[in-house]
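One letter stands for each residue in the lines below.
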Amino acid sequence: MKKTRVRFAPSPTGPLHMGGVRTALYNYLYAKQKGGDFIIRIEDTDSNRFVEGAEQYIIEALNWCGIIADEGIDENGKVVETATEKHPHAPYRQSQRKAIYFKYAKELVDKGFAYYAFDTAEELSAQRAEAEAKKETFIYNSQSRQYLRNSLSLSQEESEKLIAETNNWTIRFKMPENRIVKMDDLIRGHIEVNTNTLDDKVLWKKIDELPTYHLANIVDDHLMEITEVIRGEEWLPSLPLHYLLYEAFGWSDSMPKFAHLSLLLKPDGKGKLSKRDGDKMGFPVFPLKWINSEGEVSRGYREDGYFPEAFVNLLAFLGWNPGNDREMYRLDELISAFSLDRIVKSGARFNPEKASWYNKEYLRLYNSEKLAQLFIPILEENNITVVTDYNTDMTKSGADFEHRTFHIDYVCKVIELIKERASFVKDFWTIAPYLFLAPKSFVEKDVAKFWKEENYKLALDTAKQLANIEDNTSKEDIEKILEEHIRKNEWPMGKVMNCLRLALVGASSGLGIADIISLIGIKEFNNRIDFIQETLNK
Ligand code: GLU
């Protein structure tokens, strides 16, 4: 049996959309499950659409996801340009394979499957305009080719002269007339198309001596011994041409099998998830942040704080499912669970809430030490220092509010406490900044509602019960002291607690009072009680 070899063949025309990452992922999973090779090939023959930085972006994005190529990209993340044992088909960038393709285009002309076309761009637009005026569409096909300027309509002499003397001719595929092309797709099943609906596609252009996508794709898939082509549904209309090209070359027996993936749809299911949707609807559609040549920024999953494992997991499930209820699969688990026959034919609706759900689930799986490392840069952005040695100004739990310095163990304790409420590492900061900074002001409406003389007096008295306790008093003991005091005096528990929370948090909502106090320490607790009095009871 032939070794499975699949490829991801992006064109560097911009950042990779998440749909493109999904195509790469499915190819990768398929190859790895079968013990085969996953190849990356850069299809950059359309120089008009080339975008600076796109190739590097694509490689970096796949790397971030853990989608690593067996062939085409070296250990330094560079496209391989010179053949080696591991990368025998180099170069893997089609622009550098330029010299290969003409011979193949010429072979098709010689065999009568293709022809030279000399029509200028102006002539073709005139044809288009004429057809439009008649409310028709111009296509270069078996009918129109008879009156257009090409090697089929002109004499051999004239053609040879034009080939030698002009430089904007092309080689076009001679689409057969009225033939039914019978095709099989691994996802969509059997498909038949009549060639009368198809046009004579350009295969090669003299002007830049480059092949078009169709020719380069077929030639390279053949030379690289690709066994399955798994790609986006937008290429399905090209499949009959590709079948006919394989046939014309005499390669039908070794032709790869094809699988066309359905589109990713907008959250409302109406239409394709486009590159612009993310910015419009407030979620990323790109794996990594991208800044275009105009300086416009598009957000990325990585920069938005998604874990690559979560991103990969959610992508895998957009259009595929394992056939059971389990939703959490890491990359290696996806490799064993994946199968093309569980790919859905209809479009997969993207649900941004599900995306953050995945991140939340992964966050819960990680230990606090790992999460703390990821949280440190966010703390640093807020001018907070994290240290691994205890200093003399620290409470037992590792907090030094005055110097905005915290021990890593303190950061871990904070994470333990708030992990269940967070979906992203950055949420640790937004959920409880007051575990690192004393409130500087108090939410006005909460003050109006809770900081009433009859209540705060009770709260201040209750606070005094803790004034001299040890820093390592447990949360349970703190809770007991507070509650017993309030209960004993038959004071309203909620009202008193809300005043204390206002002092600790600056607002009436937040974590449990005893949780906060046991973390920040008694000194900081007393400071906050003093500060709220100074501020509100002037
Ligand atoms: N270069 C094409 C693209 O970027 C690849 C299509 C294919 O996989 O055949 O979509």
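Residues numbered from 1 in each chain as written. Predicted model: local features only at pLDDT ≥ 70, side-chain atom pairs only at ≥ 80, totals over all residues. Heavy atoms only, no water.

A. Region of interest: the overall build of the chain. Of regular secondary structure, the chain possesses 20 helices and 17 strands. Scaling as 2.2 N^0.38, a compact globule of 538 residues should have a C-alpha radius of gyration of about 24 Å, whereas the chain reaches 33 Å, well beyond that. For the chain, the C-alpha atoms occupy an extent of roughly 110 × 55 × 40 Å along the three principal directions. Taking all 538 residues of the chain together, the buried fraction comes to 52%. Taking as baseline every contact in the chain between residues at least 6 positions apart, the subset at least 24 positions apart corresponds to 68%. For the chain, the exposed area adds up to about 25,700 Å²; of that, 49% sits on carbon and sulfur atoms. The distance from the centre of the 72 positive side-chain charges to the centre of the 84 negative ones in the chain is 3 Å. (Helix = DSSP H or I, 4+ residues; strand = E, 2+ residues; numbered from the N terminus. Rg over C-alpha atoms; globule rule 2.2 N^0.38 Å. Buried < 20%, exposed > 50% of the residue type's maximum accessible area, 1.4 Å probe, protein only. Contact = heavy atoms within 4.5 Å. Areas by Shrake-Rupley, 256 points an atom, 1.4 Å probe, with all protein chains shown as cover. Lys, Arg positive; Asp, Glu negative; His and termini not counted. Charge placed at Lys NZ, Arg CZ, Asp CG, Glu CD.)

B. Structural context of the pairing of strand E9 (residues 228–232). Here E9 lies mainly inside the structure; five of its five residues are buried. Sheet topology places E9 next to strand E10 (residues 257–261); five bridges connect them, and they run parallel. Each bridged residue has a counterpart across the sheet, and for Ile-230 the counterpart in E10 is Ala-259. In this view, the connection linking E9 to its parallel neighbour E10 by way of helix H7 (residues 239–249) has right-handed handedness. (Pairing = 2+ DSSP bridges. Right-handed = clockwise from strand over helix to strand, strands pointing away.)

C. Molecular detail of unusual backbone geometry. Ala-90 connects to Pro-91 through a cis peptide bond whose omega is 0°. With respect to the helices and strands, the residue Pro-91 is situated in the loop between helix H2 (54–65) and helix H3 (98–110). Backbone geometry at Asn-383 places phi at a positive 60°, although glycine is not the residue there. In the Ramachandran plot, Glu-490 falls in the positive-phi region, its phi being about 55° despite a non-glycine side chain. Residue placement: Glu-490 occurs in the loop between helix H17 (475–488) and helix H18 (493–505).

D. Examining the side chain of Asp-427 more closely. Relative to the elements of secondary structure, Asp-427 occurs in helix H14 (residues 425–431). Here Ser-423 takes part through its backbone nitrogen, which lies 2.8 Å from a polar atom of the side chain of Asp-427. (Polar contact = N/O pair within 3.5 Å; in protein donor to acceptor, adjacent residues only side chain to side chain.)

E. Quick look at the packing of aromatic side chains. According to the stated counting rule, one finds 36 aromatic pairs in the structure shown. With a centroid separation of 5.3 Å and 80° between ring planes, the pair formed by Phe-375 and Phe-428 is classed as edge-to-face. With Phe-375 in helix H12 (residues 368–381) and Phe-428 in helix H14, this residue pair connects regions lying 53 residues apart in the sequence. With respect to burial, Phe-375 and Phe-428 carry one shared label: buried. Note on Phe-401 and Phe-406: the rings are 5.1 Å apart at their centroids and 90° apart in plane angle, and the pair reads as edge-to-face. Within the aromatic cluster, the residues linked to one another by ring pairs are Tyr-26, Phe-317, Trp-320, Tyr-329, Phe-338, Trp-357 and Tyr-358. Positioned above the aromatic ring of Tyr-140, the side-chain terminus of Arg-172 is 3.8 Å from the ring centre. If you follow Arg-326 out to its NZ or CZ, it ends over the ring of Tyr-329, 4.0 Å from the centre. (Phe/Tyr/Trp six-rings, centres within 6.5 Å; stacked < 30°, edge-to-face > 60°. Lys NZ or Arg CZ within 6 Å of the ring centre and 35° of its normal.)

F. Structural view of the pairing of strand E4 (residues 170–173). Alternating residues of E4 divide into Thr-170 and Arg-172 and Ile-171 and Phe-173, and every residue in both groups is buried. Note: strand E3 (residues 114–117) against E4, four bridges, orientation antiparallel. Bridge assignment links Ala-117 to a residue of E4, and that residue is Thr-170.

G. Representation of the site of the ligand. Around the ligand, a shell composed of Arg-7, Ala-9, Pro-10, Ser-11, Glu-43, Tyr-213, Asn-217, Arg-231 and Trp-235 is seen. Within the side chain of Glu-43, one N or O atom sits 2.6 Å away from a nitrogen atom of the ligand. Measuring from an oxygen atom of the ligand, one finds a side-chain N or O atom of Asn-217 at 3.1 Å. In the complex, the protein chains occlude 84% of the 300 Å² of accessible area that the ligand would expose alone. The residue inventory of the shell around the ligand, partitioned by class, reads four nonpolar, two polar and three charged. (Near = heavy atom within 4 Å. Nonpolar A, V, L, I, M, F, W, Y, C, P; charged D, E, K, R; others polar.)

H. Expanded view of the sheet that holds E3. Pairing is antiparallel in the open sheet, where four strands are placed in the order E3-E4-E7-E8. In this open sheet, the two strands that pair with only one neighbour each are E3 and strand E8 (210–211). On the sheet, H3 packs against E3, E4, strand E7 (202–205) and E8 and is oriented at approximately 110° with respect to E3. (Axes fitted to C-alpha atoms, helices over the stretch in contact; angles between N-to-C directions.)

I. Representation of the sheet that holds strand E16 (residues 399–400). As summarised here, the arrangement of the three strands in space is E15-E17-E16, forming an open sheet in which the pairing is mixed. If you trace the sheet from one side to the other, it starts and ends with strand E15 (385–387) and E16, each paired once. Sheet analysis places E16 next to strand E17 (residues 405–407), joined by two bridges and oriented antiparallel. Its bridge partner lying in E17, Ala-399 is registered against Phe-406. Lying over the sheet, helix H13 (residues 408–418) contacts E15, E16 and E17, oriented at roughly 80° with respect to E17.

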